[in-house]
Amino acid sequence: MDIFLASRNLVLGTDKEIEDFYGFLRSHGAKVILDYDDYWVLPSDHHMYQSYKTQNLPHKLAKSIECVDHVFCTTSYLQERIKPLNANVSIVSNVPYPEGIDAFVARPTESEKVRFGWFGGAQHIPDIALMAESMKSLCRDRSLNDRYLIVCAGWNDNPAYHAYESVFTNGYQNKNYARINAMSVYEYAYGYNEVDVCYAPLRGDKFNHYRSELKCVEAGYMHKPLICSKMPQYEDVIKHNVNGLLVGEKESNAWYRYTKMLINDKEMRDELAKNLHETIMKDFDYKKVFLKRAEIYKNICKNKFKTA
């Protein structure tokens, strides 16, 4: 055995139990690596916050980071947060794998309506709330009626998705709406073929600051234009009006304005999609990312690694 690799952690317990566990793994001559793509401290309105607090998970996860040989993370922002706990941390981008996961091979469908899709899990109520004023304006704009759909992808019959649906439909007044039911991690990207434009709203809090730019990457891989929040990790990828559209947190009606703009301008939709795809294929080429990861593995095993 050369490497033990885990996403986030391998053990939860007291500090001594965590130290002893990783020490035991090292006693077999292997290196221990953890892989992180988000922050381990949750905001108080996160649906898992109370569970994390009760189990003291933020401390236990931080302790694991301290105890391992190396940590992978997805952005320079998260890297800087991890460094005080463990200086041996490398950035390895979060990318789809189209050769292994068929859902990430683009097969776009046609529609007479322009379909705006949001893809996400159950922790995004505050993020979707950023769009509420725009969704009201969109609902009231009769000039657009029957020309578009707002699509909630990942639909589950639970309170979070009902909250999303209420925003997207302006309290169930807007009939220009559709769902894509939840699918497995190997299948959900098929949903990108059923939309024409993607949304990625994020509230500007500390937890979201450390998220990856995966929503930009997925949209680019699947040849979709993106309207997203003006967050640092998104701004590193998206150049406004070039390969996407950026919305400031206080620009409450910009989601509506940009949605209307793209409904009315197919040429702009196509240009943004083309430019984002080119950006992602250049900067997030999964083959280069995988080679980088493999090279880091080799260097860690040879004890020649420097953080990158």
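Thresholds applied
Residues numbered from 1 in each chain as written. Predicted model: local features only at pLDDT ≥ 70, side-chain atom pairs only at ≥ 80, totals over all residues. Heavy atoms only, no water. Pairing = 2+ DSSP bridges. Helix = DSSP H or I, 4+ residues; strand = E, 2+ residues; numbered from the N terminus. Axes fitted to C-alpha atoms, helices over the stretch in contact; angles between N-to-C directions. Phe/Tyr/Trp six-rings, centres within 6.5 Å; stacked < 30°, edge-to-face > 60°. Buried < 20%, exposed > 50% of the residue type's maximum accessible area, 1.4 Å probe, protein only. Lys NZ or Arg CZ within 6 Å of the ring centre and 35° of its normal. Polar contact = N/O pair within 3.5 Å; in protein donor to acceptor, adjacent residues only side chain to side chain. Core = buried A, V, L, I, M, F, W, Y, C linked by side-chain atoms within 4.5 Å. Contact = heavy atoms within 4.5 Å.

J.: For the sheet that holds strand β3 (residues 70–73), give the residues involved together with the corresponding values.
T.: Pairing within the open sheet is parallel, and its 4 strands lie in the order β1-β2-β3-β4. Bordering the open sheet on either side are β1 (3–7) and β4 (89–91), each of which pairs with just one other strand. On average, each strand axis in the sheet is tilted by 20° relative to the strand beside it, whichever way the strands run. Relative to β3, strand β2 (residues 31–35) runs parallel, the two sharing 3 bridges. Pairing of I33 across the sheet is with H70, part of β3.

J.: Describe the packing of aromatic side chains, listing the residues and the values that go with them.
T.: Counting across every chain of the model gives 16 aromatic pairs. Note on W155 and Y161: the rings are 6.2 Å apart at their centroids and 75° apart in plane angle, and the pair reads as edge-to-face. For the pair formed by W155 and Y161, the shared burial category is buried. Taken together, W118, W155, Y161, Y164 and F168 form an aromatic cluster joined through their ring pairs. The ring of W155 has R179 sitting right over it, with the charged end atom 3.8 Å from the ring centre.

J.: Lay out the side chain of S90 in plain terms, naming residues and giving numbers.
T.: For S90, the location among the structural elements is in strand β4. The class of S90 is buried, set by a relative accessible area of 0%. Of the polar contacts made by the side chain of S90, one reaches the side chain of H70; its length is 2.8 Å.

J.: With reference to specific residues and values, describe the nonpolar core.
T.: Counting residues in each nonpolar core, the largest one holds 37 residues, and the members touching the most others are L226 and I238. For this core, the secondary-structure elements that each account for two or more residues are β6 (148–155), β8 (197–200), α9 (214–221), β9 (226–229), α12 (266–283) and α13 (286–301). Beyond its immediate chain neighbours, meaning those up to four positions away, I238 contacts C216, L226, C228, N243, G244, L245, L246 and L276. Of all hydrophobic cores here, the second largest spans 31 residues; its members include I128, L262, M268 and L272.

J.: Tell me what's going on with the sheet that holds β9, and back it up with residues and numbers.
T.: Taken together, the 6 strands give an open sheet; going across it, the order is β7-β6-β5-β8-β9-β10, and neighbouring strands pair in parallel fashion. Because the sheet does not close on itself, it has two edges, and the strands there are β7 (177–181) and β10 (245–247). When the angles between neighbouring strand axes are averaged without regard to direction, this sheet yields 25°. Where β6 meets β7, 5 bridges bridge the pair, whose relative direction is parallel.

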